Amino acid sequence: MIEKQLSFRRASPEEEKNVYRFIENQFGSLSLNALEKQILWIREGKLKEVYAVPQKVSELLDKVEHDVYAAGTPLGTFSDTEFLLEIEGAALILPLTKRILHVKTNQFLYGKPIFITNIKNIESDFKKDDFLIITGENNLHYGIGRAKIDSSELDCSKPSCVLISEYKRKPMDRGWYLREEN
Amino acid sequence: MRMTSSSSHNDVYDIGKQFGYQRYMIKRYIEIIGEEETKQLLYFNESEPHKVIRLNSLRASTSQTKQLLEKKGVKLEDIEGLPEGKRVIKSSVPIGATPEYLNGYYMLQGKNSMYPSRILNPKEEDLVGDFTAAPGGKTTHLAQLMQNKGTVLASEISSNRCRILRSNLARMGVKNTIIMNMDSRNISSLNLVFDKVLLDAPCSGSGIIIKDKSRKQSKSIDDIMNYHSNQVSLLTEAIKTVKLGGEIVYCTCSLEPEENELVISKMLEQETVQLIEMDLEGEPGIIEFEEYKINPQITKTRRLYPHKTGGEGFFIAKMVKVE
């Protein structure tokens, strides 16, 4: 069976707009600085993968579009028109946002949910379904997750209440790198 | 009582048999390094040396990573000549699964496998080719030495290994690299001209028996010859794609002359490259083996034996393209 050749191409203006809009809406306009001097590229597949590529590397990509597997930083994926930031996209934005959840345990790195009792502190308020960048010991990046409740509900919810659940579509925690090795 | 030569010989073969080696391997080890050193090599391959990590300055400073690991009870030791390499003397945590590891603050990488990228010495503005690149230890090291500037084009024929390469590059914060899922023997079809190329060629792996005991039984001389012809094709292609005056580093983790000196010897016959001396530990490449008479220039290459360097067995050659 001949494997279908995946194409690697520059993101369309519409796709770029969707990526920027998602990042700005979720993490604030300052976070867009993470993509300064980066060109967005798309790898077509079951999901459309988005890569942030430095200018110079991008110039070379223009010459070698065939057989490209990946380039630059994997930022996130599109499913239909919805863009979702993933692990490395979150790591890029981390220094530029306050939408951060600090946790006390490493459980999230093993694909486990984050309970209210695991919270060390939050840097800004958030609404249900907002994305939060997760950090742990020594402020190390752990991944990204989607809030299941508002920050205003934290005080009145049970400690066992799940704040961030494991994500079905794509691994969102850095422990994924370990699982990927095996 | 003084041991006779033949009883000493038998002694080495007995040790080889006891440890599960094929007889041909012991025979050629004796020819290359002598009986006494063959024994040392065989015993070394049964030992458990300290793990080695490479601190990744793309993610955090050396001092920050050292501090974080020391807080966890990890004791590190410097490695001479490799400022980013650290030997893990003691660890109370699994070193390949800490949050720092997952954040790409360091990579588990053998000491001797850090040399090829350093010897290639890529500059920030260079276009560097890294052929047969997965799993990416050397690719991420190249990106680190280039401080994520310039461009690395990393090629890998297996899409599954491309996936692992992508994962390692992402974890280590590499931004300046393109992964090509292609046969590195066809790189010239891209019409690119590289400033430098690193070719860590697929090999029989006899230098890393310490990590992969199955190698003692898994490869025959025929396999070694098959690797040889693939290595010649790959290196010919690498030379074709580098600019005039550009440099190529060829390496394998094999101790077999057919995969090392005899590959370089073939390239020297074509007079397109010259060997460059390297300031590196190890022994000069060999110029006599079985019936082969090898180009004396080969002494500019380096053999790194596990029992002598305390790392993986490696062969490294540095060349400049002259025609």
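Just so it is clear, the structure is predicted and the values come from calculations on it, not from any experiment. (Residues numbered from 1 in each chain as written. Chains lettered and ligands numbered in written order. Predicted model: local features only at pLDDT ≥ 70, side-chain atom pairs only at ≥ 80, totals over all residues.)

Trainee: Just to check I follow, could you spell out the overall build of chain B for this structure?
Mentor: Secondary structure assignment for chain B yields 11 helices and 15 strands. Oriented by its inertia axes, the alpha-carbon framework of chain B measures out at about 60 × 55 × 35 Å. Going through the 323 residues of chain B one by one, you find that 50% of them count as buried. A separation of at least 24 residues holds for 74% of the contacts in chain B among residues at least 6 apart in sequence. (Helix = DSSP H or I, 4+ residues; strand = E, 2+ residues; numbered from the N terminus. Buried ≥ 20, exposed ≤ 12 C-beta atoms within 10 Å, placed from the backbone. Contact = placed C-beta atoms within 7 Å.)

Trainee: Please explain the domain arrangement of chain A as it appears in this structure.
Mentor: Interfaces are often sized by the accessible area lost when the parts come together. All names here are of chain A. Under the domain assignment used here, chain A contains domain 1 (8-92) and domain 2 (98-181). Using C-alpha coordinates to define each centre, domain 1 is positioned 24 Å away from domain 2. Contacts between the two partners involve 9 residues from domain 1, matched on the other side by 12 residues from domain 2. Of all the secondary structure elements, the ones that give two or more residues to the side of domain 1 that touches domain 2 are α1 (13-27), β5 (73-79) and α3 (87-93). With 3 residues, α3 is the largest single contributor of residues to the side of domain 1 that touches domain 2. Grouping the constituent residues of the side of domain 1 that touches domain 2 by class yields 5 nonpolar, 3 polar and 1 charged. (Domains from an automatic or database assignment. Nonpolar A, V, L, I, M, F, W, Y, C, P; charged D, E, K, R; others polar.)

Trainee: Could you clarify how one ought to interpret the sheet that holds strand β3 (residues 82-90) of chain B in this entry?
Mentor: All names here are of chain B. Read across the sheet, 4 strands follow the order β2-β3-β1-β4 without closing on themselves; strand pairing throughout is antiparallel. A single partner strand is all that each edge strand has here, and the edge strands are β2 (75-79) and β4 (106-108). On average, adjacent strands in this sheet sit at an angle of 35 degrees to one another, irrespective of strand direction. As paired elements, strand β1 (residues 51-55) and β4 share 3 bridges and run antiparallel to each other. Along β4, the bridge assignment pairs Leu 55 with Tyr 106. (Pairing = 2+ DSSP bridges. Axes fitted to C-alpha atoms, helices over the stretch in contact; angles between N-to-C directions.)

Trainee: Explanation requested: unusual backbone geometry in the structure shown.
Mentor: Residues and elements named next belong to chain B. Cis geometry is found at the peptide bond from Ala 134 to Pro 135, where omega equals 5 degrees. Along the polypeptide, Pro 135 turns up in the loop between β5 (127-131) and α6 (137-145). Within the chain, Thr 132 stands out as a residue other than glycine whose phi angle is a positive 50 degrees. Following the sequence through the fold, Thr 132 ends up in the loop between β5 and α6. Given 23 C-beta atoms within 10 Å, Thr 132 falls into the buried group. Although it is not a glycine, Asn 191 adopts a positive phi angle of roughly 60 degrees. Taking the C-beta count within 10 Å as the criterion, Asn 191 has 9 such neighbours and is therefore assigned exposed.

Trainee: Please explain the confidence of the model for chain B as it appears in this structure.
Mentor: The predicted structure's coordinates, where accompanied by low pLDDT, should not be read in detail. Here chain B shows a mean pLDDT of 96. Residues at 70 or above account for 98%. Scoring the predicted complex yields pTM 0.95 and, for the interface, ipTM 0.94. (pLDDT = per-residue confidence, 0-100.)

Trainee: Can you walk me through the interface of chain A and chain B in this structure?
Mentor: On the chain B side, the residues contacting the 27 residues of chain A number 20 residues. Of all the secondary structure elements, the ones that give two or more residues to the side of chain A that touches chain B are α2 (55-63), β4 (68-71), β5 and α4 (176-181) of chain A. Here β4(A) pairs with strand β7 (residues 177-181) of chain B via 3 bridges, running antiparallel. Directly across from A:Val68, in β7(B), lies its bridge partner B:Met180.

Trainee: Looking at this structure, how should I read the sheet that holds strand β3 (residues 48-54) of chain A?
Mentor: For sheets, the rule is that strands pair by backbone hydrogen bonds, running either parallel or antiparallel. All names here are of chain A. In spatial order, the strands read β1-β2-β3-β5-β6; together these 5 strands make up an open sheet with antiparallel pairing. Either end of the sheet is taken by a strand with one partner, and the two such strands are β1 (8-10) and β6 (82-85). Recorded for the sheet is a direction-independent mean angle of 35 degrees between the axes of neighbouring strands. Here 4 bridges tie β5 to β6, and the two strands are oriented antiparallel to one another. Among the inter-strand pairings, Phe 78 is bridged to a residue of β6, identified as Phe 83. The strands that α1 touches are β2 (38-43), β3, β5 and β6; relative to β6, the one it contacts most, it runs at about 50 degrees.

Trainee: Whenever I open this one, the nonpolar core confuses me. Can you help?
Mentor: Among the nonpolar cores identified, the biggest contains 121 residues, and A:Ala71, B:Leu199 and B:Ile248 are the most heavily contacted of them. If one sorts the elements of this core by residue count, helix α2 (residues 23-44) of chain B sits on top with 6 residues. Filtering out sequence-adjacent residues up to four positions away, B:Ile248 remains in contact with B:Val197, B:Leu199, B:Ala238, B:Ile239, B:Val242, B:Val273, B:Met319 and B:Lys321. (Core = buried A, V, L, I, M, F, W, Y, C linked by C-beta atoms within 7 Å.)

Trainee: Could you clarify how one ought to interpret α1(A) in this entry?
Mentor: An α-helical segment advances 3.6 residues per turn. Residues three or four places apart therefore align on the same side. Residues and elements named next belong to chain A. Between the first and last C-alpha of α1 there are 21 Å, a value that for 15 residues agrees with the 21 Å anticipated at 1.5 Å per step. Of all the residues in α1, the buried ones are Val 19, Ile 23, Gln 26 and Phe 27. The arc that holds the buried residues of α1, viewed along the axis, is 85 degrees, so those residues lie on one side. Within α1, the exposed residues directed more than 90 degrees away from the buried face are Pro 13, Glu 14, Lys 17, Arg 21 and Asn 25. Downstream of α1 by a residue or two, Gly 28 has a phi angle that is positive, lying close to 95 degrees. (Expected span 1.5 Å × (residues − 1). Arc of directions from axis to C-beta.)

Trainee: How do you make sense of helix α7 (residues 159-171) of chain B when you look at a structure like this?
Mentor: Residues and elements named next belong to chain B. Over its 13 residues, α7 runs 18 Å from end to end, which matches the ideal 18 Å to within 8%, given 1.5 Å per residue. Within α7, burial applies to Cys 162, Leu 165, Arg 166, Ser 167, Asn 168, Leu 169, Ala 170 and Arg 171. Gly 173, located one to two residues past α7, shows a positive phi value of around 75 degrees.

Trainee: Would you take a moment to explain the environment of B:Gly173 for this structure?
Mentor: Residue and element names in this part refer to chain B. Residue placement: Gly 173 occurs in the loop between α7 and β7. Sequence separation between Gly 173 and Leu 58 is 115 residues; the distance between their C-alpha atoms is 6.3 Å. Here Gly 173 is in contact with Leu 58, Arg 59 and Gly 104, once residues within four sequence places are set aside.

Trainee: Any chance you could explain the environment of A:Gly143 here in plain terms?
Mentor: Residue and element names in this part refer to chain A. Turning to its location among the elements, Gly 143 is positioned in strand β11 (residues 141-146). The class of Gly 143 is buried, set by 26 C-beta atoms lying within 10 Å. Considering only alpha carbons, one finds Gly 143 and Trp 176, 33 residues apart in sequence, at a separation of 9.6 Å.

Trainee: Explain the packing of helix α9 (residues 221-241) of chain B against helix α10 (residues 261-269) of chain B to me, please; I cannot follow it from the model alone.
Mentor: What describes two packed helices is the angle between their axes and the distance between those same axes. All names here are of chain B. Packing of α9 against α10 brings their axes to within 10 Å, and their N-to-C directions diverge by 45 degrees. Here α9 lies oblique to α10, going by the angle between them. Relative to α10, α9 is oriented so that their crossing is right-handed. Contact with α9, carried on its side by His 228, Gln 231, Val 232, Leu 235 and Ile 239, involves Leu 262, Val 263, Lys 266 and Met 267 of α10 and no other residues of that element. Split by residue class, the contact of α9 with α10 holds 6 nonpolar, 2 polar and 1 charged. (Parallel < 35°, antiparallel > 145°, perpendicular 65-115°, else oblique. Left-handed = near helix turned anticlockwise from the far one by under 90°.)

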